[in-house]
Amino acid sequence: MALVLRNIYQTFNYFFTEYKDPRIENYPLLGSPWPIVMIIILYLKFVNDWGRRLMKYQTPYDLTIVMNIYNLIQIFLNLYIGIVGGLNSYFDPDYSWSCETINQKDNPVRRKLIFITYLYFISKIIDLLDTVFFILRKKYNQITFLHTYHHAGMVAATYIFTKFLAGSHATLLGLINSFVHVIMYFYYFLTSFKPELKKSIWWKRHITQVQLIQFTILMLHFGVPLVGGYCDFPKTLLFIGFTQNMFMFTLFADFYIKTYIKKK
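About the thresholds
- Residues numbered from 1 in each chain as written.
- Predicted model: local features only at pLDDT ≥ 70, side-chain atom pairs only at ≥ 80, totals over all residues.
- Heavy atoms only, no water.
- UniProt positions renumbered as here; feature names shortened; annotations may be inferred.
- Salt bridge = Lys/Arg side-chain N within 4 Å of Asp/Glu carboxyl O.
- Helix = DSSP H or I, 4+ residues; strand = E, 2+ residues; numbered from the N terminus.
- Buried < 20%, exposed > 50% of the residue type's maximum accessible area, 1.4 Å probe, protein only.
- Core = buried A, V, L, I, M, F, W, Y, C linked by side-chain atoms within 4.5 Å.
- Contact = heavy atoms within 4.5 Å.
- Disulfide = S-S within 2.5 Å.
- Phe/Tyr/Trp six-rings, centres within 6.5 Å; stacked < 30°, edge-to-face > 60°.

- Per an unreviewed UniProt entry, the chain goes by the name Elongation of very long chain fatty acids protein and belongs to Anopheles arabiensis.
- Among the UniProt annotations of the chain, the heading Subcellular location (unreviewed entry) holds the following wording: "Membrane".
- In its Sequence similarities (unreviewed entry) section, the UniProt entry covering the chain states "Belongs to the ELO family."

Dropping the structure here:
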């Protein structure tokens, strides 16, 4: 058993050493994967156990000011990622919209895109505070499987993407997702001043529709080159990108139907 575990560890260590992107070598949290593994474990433990026990005999905290600051930071951070990332990829002649293979081009434009990719990865770690705020405010009904799976999964996925695939075909995921988050956090910020908007189905319904559009675009982005076979991007990664977005589309569509169609 010890020999098996040792071989697994050596293989794992070889993969993370041999295939890492040297352009991100000096960025914090992009070295060993164990800090990220610990962040995800601590997040899930707090959400499902520690946080609930901490708040069991506590009254919900009023986090209005903290959350307003948090929402503003998220709005401007995601707007910066979306706009600057878009200018340094989809509007750069060196970047292919239909098929951008894994490469380690090193020039000023690519270095800026790498930095934007890193910021997107950090933003997914910051996103975990969404659930922490739910716990501290005792909004347990909003902590669903979809919510926790999405947040924890995005931290793991963006770590892998930033470490091994930065600037490749999957870049579109971060760009679209950043603009979606601008809309979401603007809504959260707005409802802190106009609480009546929380009861408005219009806002929530259309935010969910934007998310469904996001997953549809990304399914096409990964699915078309997968079926067409014209792209040199690894087929396994195209398949994972397609199936993951199809899974998320299914979860969000199920939520949309149950919340806005069946209830109506």
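Still to come is the rest of the account.
### Things to note about the pattern of salt bridges
Reasoning step 1: On inspection of all chains with the given rule, the structure shows four salt bridges.
Reasoning step 2: For Asp49, the salt bridge identified is with Arg53, shortest N-O distance 2.9 Å. Of this pair, Asp49 and Arg53 are both found in helix α2 (residues 34–54), four residues apart, which corresponds to roughly one turn of the helix.
Reasoning step 3: On the accessibility criterion, Arg53 (56% relative accessible area) is exposed.
Reasoning step 4: Two residues, Asp254 and Lys258, come together in a salt bridge whose shortest N-O distance is 3.2 Å. Taken as a pair, Asp254 and Lys258 lie in helix α9 (residues 235–262) at a separation of four residues, close to a single helical turn.
Reasoning step 5: Lys258 gets classed as partly exposed once you look at its relative accessible area, which sits at 47%.
Reasoning step 6: Through salt bridges with shared partners, one network takes in Lys45, Asp49 and Arg53.

### As for the nonpolar core
Reasoning step 1: Ranked by size, the top nonpolar core spans 28 residues in total, and within it Leu30, Ile36, Phe121 and Val155 carry the most contacts.
Reasoning step 2: Ignoring any residue separated from it by four or fewer positions in sequence, one finds Leu30 in contact with Ile24, Tyr118, Phe121, Tyr159, Thr162 and Lys163.
Reasoning step 3: Membership of the second largest hydrophobic core comes to nine residues, among which are Ala170, Phe222, Phe233 and Leu238.

### Observations concerning the state of the cysteines
One way to say it: the disulfide is the covalent bond shared by the sulfur atoms of two cysteines.
Reasoning step 1: What the rule picks out here adds up to one disulfide.
Reasoning step 2: There is a disulfide in this structure between Cys99 and Cys231, and the S-S distance comes to 2.0 Å. Measuring the twist about the S-S bond at about 80°, one finds the Cys99-Cys231 disulfide to be right-handed. Of this pair, Cys99 sits in the loop between α3 (64–87) and α4 (108–126) while Cys231 sits in the loop between α8 (201–228) and α9, placing them 132 residues apart in sequence.

### Remarks on the packing of aromatic side chains
Reasoning step 1: In this structure the tally under the stated criterion is ten aromatic pairs.
Reasoning step 2: Between Tyr70 and Phe133 the ring centres are 5.1 Å apart and the planes differ by 85°, which places this aromatic pair in the edge-to-face class. Taken together, the positions of Tyr70 in helix α3 and Phe133 in helix α5 (residues 129–136) put the pair 63 residues apart, joining distant regions of the chain. Like Phe133, Tyr70 is buried.
Reasoning step 3: Arranged with centres 6.1 Å apart and planes meeting at 55°, the rings of Phe121 and Tyr159 form a pair that is tilted. Here Phe121, found in helix α4, pairs with Tyr159, found in helix α6 (residues 145–164); they are 38 residues apart in sequence, far enough to count as distant. Note on accessibility: Phe121 and Tyr159 belong to one class, buried.
Reasoning step 4: Each member of the aromatic cluster is reached from another via a ring pair, and the members are Tyr70, Phe133, Tyr185, Tyr187 and Tyr188.

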